[in-house]
Amino acid sequence: DGGITQSPKYLFRKEGQNVTLSCEQNLNHDAMYWYRQDPGQGLRLIYYSQIVNDFQKGDIAEGYSVSREKKESFPLTVTSAQKNPTAFYLCATQDRYEQYFGPGTRLTVT
Amino acid sequence: QQQVKQSPQSLIVQKGGISIINCAYENTAFDYFPWYQQFPGKGPALLIAIRPDVSEKKEGRFTISFNKSAKQFSLHIMDSQPGDSATYFCAAPPNTGNQFYFGTGTSLTVIP
């Protein structure tokens, strides 16, 4: 069963806590992306990685961190420095021209 | 600078009607134009895509029209159904592995 796995589907945290969102893929794609989506809004790029051990900031990287130690995995950490972390987070991979999205993680911080 | 501009932001169509969503792009290096469909609480999924060497591509009730000189492309949904109610994103990937540019999305509601 190929694809992208994001876990958990729903995540609740207290303000001030760091939280890590998981993204795993078995599509053998080099490029991976993290997006944030707020209600009624589009997709905003947080970080992306074109190859293992390399990643670049997207448009809204402040308050987030990532790592890319394995081709299959691209975890996103939402730090306490992120002012408004409550959102729907989407992980994606890319082959030559197309992006493939995971099911998303809805993070709620109170 | 927004690389891909999408309109309208929201659209309400009667069942059986035609839904039309438009996108415009700036960078002539773009050479592939996909449309994604996203249902609430789900990740976007590729719906249909076109390359600039053709002016139109049709898959079932979904058609992309492409105007290279105007740098515009549009999605037409014929015989719109309530099950088509979703958010639609146009996109343009400039080069392999580089940042993917998405439009801001169109929320489509098809009324029974």
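Residues numbered from 1 in each chain as written. Chains lettered and ligands numbered in written order. Predicted model: local features only at pLDDT ≥ 70, side-chain atom pairs only at ≥ 80, totals over all residues. Heavy atoms only, no water.

*Asks:* Tell me about the overall build of chain B, and name the residues and values.
*Replies:* Along chain B, the regular secondary structure elements total zero helices and 11 strands. The linear arrangement of helices and strands in chain B, starting from the amino end, is β-β-β-β-β-β-β-β-β-β-β. On C-alpha atoms alone, chain B measures out to a radius of gyration of 13 Å, which is about the 13 Å that the 2.2 N^0.38 rule sets for 112 residues. Considering only C-alpha atoms, chain B reaches an extent of 40 × 30 × 20 Å along its principal axes. When burial is assessed residue by residue, chain B has 46% of its 112 residues classed as buried. For chain B, restricting intrachain contacts to residue pairs at least 6 apart in sequence, the fraction spanning at least 24 positions comes to 53%. Accessible surface, chain B as shown: approximately 5300 Å² in total, 49% of it carbon and sulfur. With 9 positive and 7 negative side-chain charges, chain B shows a separation of 3 Å between the mean positions of the two kinds. (Helix = DSSP H or I, 4+ residues; strand = E, 2+ residues; numbered from the N terminus. Rg over C-alpha atoms; globule rule 2.2 N^0.38 Å. Buried < 20%, exposed > 50% of the residue type's maximum accessible area, 1.4 Å probe, protein only. Contact = heavy atoms within 4.5 Å. Areas by Shrake-Rupley, 256 points an atom, 1.4 Å probe, with all protein chains shown as cover. Lys, Arg positive; Asp, Glu negative; His and termini not counted. Charge placed at Lys NZ, Arg CZ, Asp CG, Glu CD.)

*Asks:* Please set out the sheet that holds strand 1 (residues 4–7) of chain A residue by residue, giving values where relevant.
*Replies:* Residue and element names in this part refer to chain A. The four strands lie next to each other as 1-3-8-7, forming an open sheet whose pairing is antiparallel. The outermost strands of the open sheet, each flanked by one partner alone, are strand 1 and strand 7 (64–66). Going across the sheet, the axis of each strand differs from the next one's by a mean of 20°, ignoring polarity. Taken together, the four bridges between strand 1 and strand 3 (residues 19–25) define a ladder with antiparallel strand orientation. When the bridges of strand 3 are listed, Thr 5 appears paired with Glu 24. (Pairing = 2+ DSSP bridges. Axes fitted to C-alpha atoms, helices over the stretch in contact; angles between N-to-C directions.)

*Asks:* Outline the interface of chain B and chain A, supporting the account with residue identities and numerical values.
*Replies:* On the chain A side, the residues contacting the 20 residues of chain B number 22 residues. With both sides pooled, the region where chain B packs onto chain A buries about 1800 Å², and carbon together with sulfur makes up 50% of that total. Linking chain B with chain A are four residue pairs in polar contact (both at pLDDT 80 or more), by the criterion used here. (Buried area = accessible area lost by both parts, 1.4 Å probe. Polar contact = N/O pair within 3.5 Å; in protein donor to acceptor, adjacent residues only side chain to side chain.)

*Asks:* Explain the sheet that holds strand 7 (residues 62–67) of chain B to me, using residue names and the numbers behind them.
*Replies:* All names here are of chain B. Within the open sheet, the five strands sit side by side as 1-3-8-7-6. Their pairing is antiparallel. The sheet is open, and its two edges are formed by strand 1 (4–7) and strand 6 (56–59), each paired on a single side. The mean inter-strand angle of the sheet, taken between neighbouring strand axes irrespective of direction, is 15°.

*Asks:* Break down the pairing of strand 11 (residues 106–111) of chain B for me, citing the residues and quoting the values.
*Replies:* Residue and element names in this part refer to chain B. Residues Thr 106, Leu 108 and Val 110 point to one face of strand 11 and are all buried, whereas Ser 107, Thr 109 and Ile 111, pointing to the other face, are not buried. Taken together, the five bridges between strand 2 (residues 10–14) and strand 11 define a ladder with parallel strand orientation. Bridge pairing in strand 11 links Ser 10 to Ser 107.

*Asks:* For the side chain of His76(B), give the residues involved together with the corresponding values.
*Replies:* Residues and elements named next belong to chain B. By the element assignment, His 76 lies in strand 8 (residues 72–77). Among the polar contacts listed, one links the side chain of His 76 to the side chain of Ser 74, at a separation of 3.1 Å. Not counting chain neighbours up to four residues away, the residues in contact with His 76 comprise Ser 19, Ile 20, Arg 61, Phe 62, Thr 63 and Ser 65.

*Asks:* Any details on unusual backbone geometry? Residues and values, ideally.
*Replies:* Here the bond from Ser7(A) into Pro8(A) is cis, since omega is -10°, no more than 30 degrees from zero. Looking at the element boundaries, Pro8(A) is found in the loop between strand 1 and strand 2 (10–13). Along the chain, Ser7(B) connects to Pro8(B) via a cis peptide bond; the corresponding omega equals -5°. Residues other than glycine seldom take positive phi values, yet Asn53(A) does so here, at roughly 65°. Mapped onto the secondary structure, Asn53(A) falls in the loop between strand 5 (44–51) and strand 6 (54–57).

Keep in mind that these numbers describe shape and distance, not what the molecule does.
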